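The lines below spell out each chain.
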Amino acid sequence: MYSNAAYNIYNQNNVNIESPEKLIEMMYEGVLRFNAQAKKAILDEDNVKKVYWVNRAISVIVELIAVLDKSQGDVAVYLDGLYNYQVQLLSYANIENNTEKIDEVSNVFKGLLAGWRETTDVAH
């Protein structure tokens, strides 16, 4: 489903990770962390931090889109659409200061993370 592109990029940047599977897990966790920070910034009315954290989350999702191996069929096509929709939701959350949209994205990524851990055996 995913190519090794993300793994290779991180390897080139001297980030030591165990496997491409672990990297995807870390990326899902990153989206969740960044969303939590963006939500806090919205509640604190800190626009600078909000934009920063939303952009970090979007950057991770864009990378997830970039490394999808679309030759793997329906699952990859589905994830491509799902990820793009999450980017759209985060963009609207940023514009509207809408924590509910951030929560919606976080809920999707919690489900993706749980499923990823279950299917790849990278759980802690």
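The structure reproduced in this document is the subject of the present report. Everything quoted here is computed from the prediction, not taken from an experiment. (Residues numbered from 1 in each chain as written. Predicted model: local features only at pLDDT ≥ 70, side-chain atom pairs only at ≥ 80, totals over all residues. Heavy atoms only, no water.)

Some thoughts on the overall build of the chain
- A count of helical and extended segments in the chain gives five helices and zero strands.
- Along the chain, helices and strands appear, N-terminal first, in the series α-α-α-α-α.
- Long-range pairs, those at least 24 residues apart, make up 64% of the contacts in the chain with a sequence separation of at least 6.
- Accessible area of the chain: about 7,100 Å², with a carbon and sulfur share of 49%. (Helix = DSSP H or I, 4+ residues; strand = E, 2+ residues; numbered from the N terminus. Contact = heavy atoms within 4.5 Å. Areas by Shrake-Rupley, 256 points an atom, 1.4 Å probe, with all protein chains shown as cover.)

Observations concerning the pattern of salt bridges
- Under the criterion given, the structure shown has seven salt bridges.
- Two residues, Asp103 and Lys39, come together in a salt bridge whose shortest N-O distance is 2.9 Å. Taken together, the residues Asp103 in helix H5 (residues 99–120) and Lys39 in helix H2 (residues 20–43) connect sequence positions 64 residues apart.
- Using a relative accessible area of 28% as the deciding quantity, one classes Asp103 as partly exposed.
- The class for Lys39 is partly exposed, based on a relative accessible area of 27%.
- When salt bridges with common partners are traced through the structure, they connect Lys22, Glu25, Glu29 and Arg117 into a single cluster. (Salt bridge = Lys/Arg side-chain N within 4 Å of Asp/Glu carboxyl O. Buried < 20%, exposed > 50% of the residue type's maximum accessible area, 1.4 Å probe, protein only.)

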